[in-house]
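Remarks on the overall topology
Here is what each chain is made of, one letter per residue.
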Amino acid sequence: MNEVFKKILIVSLIALVVITLASASDLGAGMASVVILPIVLLVAGLILLASKEKQWAKVFLISSGIVLLLGFSVCTAAFMMGGGLGNMH
């Protein structure tokens, strides 16, 4: 498996676990983390791109898109289930 792909999986998984845990406690916290985490990953990727760390920049930029896509899906599902994963019956 490609080294960049492994790093993308690890960074994306960590971010998605944080979003899922935030959604489980409160939907507002989950939605805030869906907005904040991809922005942090995007800024980190741009900083790494400027500092000539091409491999890590690629990892953070691609992970930002993955977290946006899957994070909104998780929070939308939590909202449709009744306001959060912690409120499931």
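Here's a quick rundown of the structure. Everything quoted here is computed from the prediction, not taken from an experiment. (Residues numbered from 1 in each chain as written. Predicted model: local features only at pLDDT ≥ 70, side-chain atom pairs only at ≥ 80, totals over all residues. Heavy atoms only, no water.)

The next subject is a nonpolar patch on the surface. Taken together, the side chains of M31, V35, I36, I39, V40, V43, I47, L68 and F72 define a hydrophobic patch exposed on the protein surface, amounting to about 750 Å² of accessible area. Broken down by secondary-structure element, the contributors of at least two residues to the nonpolar patch are α2 (27-50) and α3 (54-80). For the nonpolar patch, the leading source of residues is α2, giving seven residues. Locating I47 in the fold gives a position in helix α2. With a relative accessible area of 53%, I47 lands in the exposed category. (Patch = residues over 30% accessible without salt bridge, like charges linked within 9 Å, V, L, I, M, F, W, Y side chains within 5 Å. Areas by Shrake-Rupley, 256 points an atom, 1.4 Å probe, with all protein chains shown as cover. Salt bridge = Lys/Arg side-chain N within 4 Å of Asp/Glu carboxyl O. Helix = DSSP H or I, 4+ residues; strand = E, 2+ residues; numbered from the N terminus. Buried < 20%, exposed > 50% of the residue type's maximum accessible area, 1.4 Å probe, protein only.)

Time to look at the packing of aromatic side chains. Inspection of the entire model under this criterion finds one aromatic pair. Ring geometry for W56 and F60: centres 5.9 Å apart, planes at 40 degrees, overall tilted. Taken as a pair, W56 and F60 lie in helix α3 at a separation of four residues, close to a single helical turn. Residue class for W56 comes out partly exposed when judged on its relative accessible area of 32%. Residue class for F60 comes out buried when judged on its relative accessible area of 19%. (Phe/Tyr/Trp six-rings, centres within 6.5 Å; stacked < 30°, edge-to-face > 60°.)

Attention now goes to the side chain of S63. Among the secondary structure elements, S63 is positioned in helix α3. Once residues within four sequence positions are removed from consideration, S63 is found in contact with I8, V11, S12 and L41. (Contact = heavy atoms within 4.5 Å.)

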